[in-house]
Amino acid sequence: MTSPDRTAPPVAAGASPVQGLVDPIRRWWAGARVARDGLPWRATRDPWAVLVAETMLAQTQVARVAPRYREFVARFPTPASCAVAPVGEVVRAWVGLGYNRRALALHSAAETIVARHGGRVPAALADLLGLAGVGPYTARAVLAFAFDAEAAVVDTNVGRVLARAAAGRRLRPREAQALADGHVPPGSAREWNLALMDFGSVVCASRDPACGTCPVRAAGACAWRSGREGVPDPAVGSARVTARQAPFEGSDRQGRGRLVRAACAGPIPAADVARIAGWPSHAARARRVAETLVAEGILVAGAAGELSLA
Ligand code: SF4
């Protein structure tokens, strides 16, 4: 594994609301050592590994993703190795990450990559968006982090920095994306996106941003903090770039996870479905959730109604 490239070449770009942020943030990032440096997906530019990581990170916390990511790319190092595996094996490798429909989508994406793209993750936005489970965020993350293509990756941290420092007002997700798209340093997309994400995570944090020591403010480039004291935080009320997750406890997701986890150990007898789902007194709910898992192709029902991994 290699460390992230900390070189910060000069940026040649036209004026934009983001322009004033670029040099201070890149200088900060070039000297910063942030906890995220050690994350395994930062050490690769393999497009498949980046796609796997971004799919996992879309709805699961970093700390839970790291060990699963390593195991997953060791077990399925290429799209082809994933495509030829039974769906159940991919789902098994996903257990613990939640939202296991993503495993199904990744398997389907791998099949498409093999069938239509010669086994290589495509490097065009439209082709990436044609893969199951790949939305605008994930597609741009693959473009930027694997191919160094001029794509702006706008996560929640980046959206907050743009609202506060570049716009000085609330931004809708589309506005934030358009703002970011307008200023990706040519040839440095990967580094710029990482720098902006890290800056939003470490300096321009959601609560208690470090405005007092902020290099953007010191450069007079923060639209919110540079000379506009008293204006409410633009990040408060800006539309979230990533959706807020519904509570897990007591949810259908919890029951789904229990059933999938149990099926990894062996078939679940029909009589045990409600108990294993965690709803011994709500057989109809357990049956509904189990039927959904079967309809999605994650589980298969046997002749006696027992459930197994696909
Ligand atoms: S001055 Fe504060 S709000 Fe502005 S970019 Fe820096 S940390 Fe964020």
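Preceding block: the structure.
Before going into details, it helps to say that this report is about the structure given with it. (Residues numbered from 1 in each chain as written. Predicted model: local features only at pLDDT ≥ 70, side-chain atom pairs only at ≥ 80, totals over all residues.)

## Some points on the overall build of the chain
Item 1. The helix and strand tally for the chain stands at 15 helices and two strands.
Item 2. The buried share of the chain, reckoned over its 310 residues, is 40%.
Item 3. Restricting the contact set of the chain to residue pairs at least 6 apart, pairs at least 24 apart contribute 65%. (Helix = DSSP H or I, 4+ residues; strand = E, 2+ residues; numbered from the N terminus. Buried ≥ 20, exposed ≤ 12 C-beta atoms within 10 Å, placed from the backbone. Contact = placed C-beta atoms within 7 Å.)

## Concerning the site of the ligand
Item 1. Around the ligand sit 13 residues, and of these Cys204, Cys211, Cys214, Arg217 and Cys222 come closest.
Item 2. Sorting the residues of the shell around the ligand by element identifies helix H9 (156-167) and helix H12 (215-218) as the ones contributing at least two each.
Item 3. Class assignment for the residues of the shell around the ligand results in 10 nonpolar, no polar and three charged. (Near = placed C-beta within 6 Å. Nonpolar A, V, L, I, M, F, W, Y, C, P; charged D, E, K, R; others polar.)

## Observations concerning helix H1 (residues 19-31)
Item 1. Along H1, the residues classified as buried are Leu21, Val22, Pro24, Ile25, Arg26 and Trp29.
Item 2. Where H1 is buried, its residues contact H9, helix H11 (189-202) and H12.

## Concerning the nonpolar core
Item 1. Within the largest apolar cluster, 88 residues are counted, with the highest numbers of intra-cluster contacts made by Val50, Val52, Val142, Leu162, Ala165 and Leu259.
Item 2. Among the elements that take part in this core, helix H2 (residues 47-57) stands out by supplying eight residues, more than any other.
Item 3. Sequence-distant contacts of Val50, that is, excluding residues within four places in its chain, are made with Trp41, Thr44, Ala141, Val142, Phe145 and Ala146. (Core = buried A, V, L, I, M, F, W, Y, C linked by C-beta atoms within 7 Å.)

## Details of the packing of H2 against helix H3 (residues 62-75)
Item 1. At a closest axis distance of 10 Å, the pairing of H2 and H3 adopts a crossing angle of 145°. Here H2 runs over H3; the crossing is right-handed. Contact residues: H2 offers Ala49, Val52, Ala53, Met56 and Leu57, while H3 offers Val62, Val65, Arg68, Tyr69, Phe72 and Val73.
Item 2. Here the contact of H2 with H3 is built from residues that sort into 10 nonpolar, no polar and one charged. (Axes fitted to C-alpha atoms, helices over the stretch in contact; angles between N-to-C directions. Left-handed = near helix turned anticlockwise from the far one by under 90°.)

## Thoughts on unusual backbone geometry
Item 1. In this structure, Tyr99 takes a positive phi of about 45° despite not being glycine.
Item 2. Mapping Tyr99 onto the fold places it in the loop between helix H5 (87-94) and helix H6 (101-117).
Item 3. For Tyr99, a count of 17 C-beta atoms within 10 Å puts it in the partly exposed group.
Item 4. Even without a glycine there, the phi angle at Asp148 is positive, about 55°.
Item 5. Locating Asp148 in the fold gives a position in the loop between helix H8 (136-147) and H9.

## Overview of the environment of Pro86
Item 1. Looking at the element boundaries, Pro86 is found in the loop between helix H4 (79-83) and H5.
Item 2. Residue classification places Pro86 among the exposed residues on the basis of 11 C-beta atoms within 10 Å.
Item 3. Through-space distance from the C-alpha of Pro86 to that of His107 is 8.8 Å; in sequence the pair is 21 residues apart.

Function cannot be inferred from these measures alone, as they are strictly geometric.
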